[in-house]
Each structure stands twice: as C-alpha cells, then as structure tokens.
Amino acid sequence: MDTNFIIIIFTVAVSIYVIYNPEYKSRLLHYPYNVNKNKEYYRLISNGFIHADYIHLFFNMFTLYFFGGMVEDLFTAKFGMWGDTIFILFYISAIAFSCLPSQRKHAENPAYAALGASGAVSSVLLIAIILQPTMTLLIYGVLPVPAWILGIGCLLYTSD
C-alpha cells in the first residue's frame, strides 16, 4: 500500500471521528493563540488531519489521491527507498508551513481557529506541477489547461 493512500485513510478516519466527536476536534484544531501562549506546537500539524465536513474532506482527499500518488512516485524514482519517507516529511512539513501565516496573524486572537489539509494538498499539487510542468490538467473534467498555467493561477489566487 502506498504512503499517499495511508495518509488519505488516516485523514479520512480521523476527520470522520471528529465530525461526530466535536470535543476531540477542539483538541486538534490550529488555535494560534494556544500555540503562542501554551506552546501547543502539535496543533501546527494535527489540524491537517481533520476537516469541517464531508465536502471539505472529499475535495482535499480527491486532489491528494491524484496528485499525491504522482508526487510520491516521482520522489521514489528520484530518491529510491527514501522516496516514501521524503514524501511523508514533505506532506507533514507542508501542513505546518501552511499554518505559519495564520499563526503569525492570529497569535493574539483567542477566537481564531483553523483546520484542514488544504495547505498541504495545495503544496502537493504545486510540487506536482513543478516536477511535471508540461502535463495537461482538465478543469471540471473538460477544459484542458497546461499545468504550469494552472500553477501560476493558483499562486496568484492564494497570495495575499
């Protein structure tokens, strides 16, 4: 079983569990205030394995399924037996790094919280585009767009 699929299964299981057990969700959310005041650094990673609802979970895992497998395969081709480990480290660090802007912005705001794998999944998508810029992606399953154009569009859309 590939590493990407294990990440998906784990994320789906944890997300479903916290959807039905909200008290556990609050323990895993990214609360920048708690990270800042109580040194709860685990929240910079744990939030990437929980989602607000099934739609949020589906779209993140759908994207991760297609692009994560490709990135994992590219890492394995490049780094051999270390490819899976590098993919896991990349994915987990992408969760943490995607939290840093909100951590900085909301460190003193006790009401702010965030969750989801969107930052890490976007990182996987962008690294796939960087590693395979000439591939063609289908937008809404019908509109072919060169990957490098979609990558530039994603970066422009998500930049502040």
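See the structure above.
First, a word on scope: everything that follows refers to the structure included in this document. (Residues numbered from 1 in each chain as written. Predicted model: local features only at pLDDT ≥ 70, side-chain atom pairs only at ≥ 80, totals over all residues. Heavy atoms only, no water.)

### What to know about the overall build of the chain
A tally of regular secondary structure across the chain gives 8 helices and 2 strands. Ordered by position from the N terminus, the helices and strands of the chain form the series α-α-α-α-α-α-α-β-β-α. For the chain, the spread of C-alpha atoms along the three principal axes comes to 45 × 35 × 30 Å. The buried share of the chain, taken over its 160 residues, is 37%. Considering only contacts within the chain whose residues lie at least 6 apart along the sequence, 67% involve residues at least 24 apart. Only carbon and sulfur atoms are counted for the fraction: they give 69% of the accessible area of the chain, which is about 9,500 Å². (Helix = DSSP H or I, 4+ residues; strand = E, 2+ residues; numbered from the N terminus. Buried < 20%, exposed > 50% of the residue type's maximum accessible area, 1.4 Å probe, protein only. Contact = heavy atoms within 4.5 Å. Areas by Shrake-Rupley, 256 points an atom, 1.4 Å probe, with all protein chains shown as cover.)

### Quick look at unusual backbone geometry
Leaving glycine out, the prevailing phi sign among residues is negative, and the prevailing peptide bond configuration is trans. Positive phi, close to 60°, is recorded for K39, a residue that is not glycine. Assignment of secondary structure puts K39 in the loop between helix 3 (32–38) and helix 4 (43–46). The class for K39 is partly exposed, based on a relative accessible area of 49%.

### Let's talk about the packing of helix 5 (residues 54–79) against helix 7 (residues 118–131)
Contact geometry of helix 5 with helix 7 gives a least axis separation of 9 Å together with a crossing angle of 40°. Considered as vectors, helix 5 and helix 7 are oriented oblique to each other. In the packing of helix 5 onto helix 7, the handedness of the crossing is left-handed. Note on element contacts: helix 7 touches helix 5 through S118, V121, V124, L125, I127, A128 and L131, opposite H56, N60, T63, L64, F67, G68, M70, V71, L74 and F75. When the residues that make up the contact of helix 5 with helix 7 are grouped by side-chain class, the tally is 12 nonpolar, 5 polar and no charged. (Axes fitted to C-alpha atoms, helices over the stretch in contact; angles between N-to-C directions. Parallel < 35°, antiparallel > 145°, perpendicular 65-115°, else oblique. Left-handed = near helix turned anticlockwise from the far one by under 90°. Nonpolar A, V, L, I, M, F, W, Y, C, P; charged D, E, K, R; others polar.)

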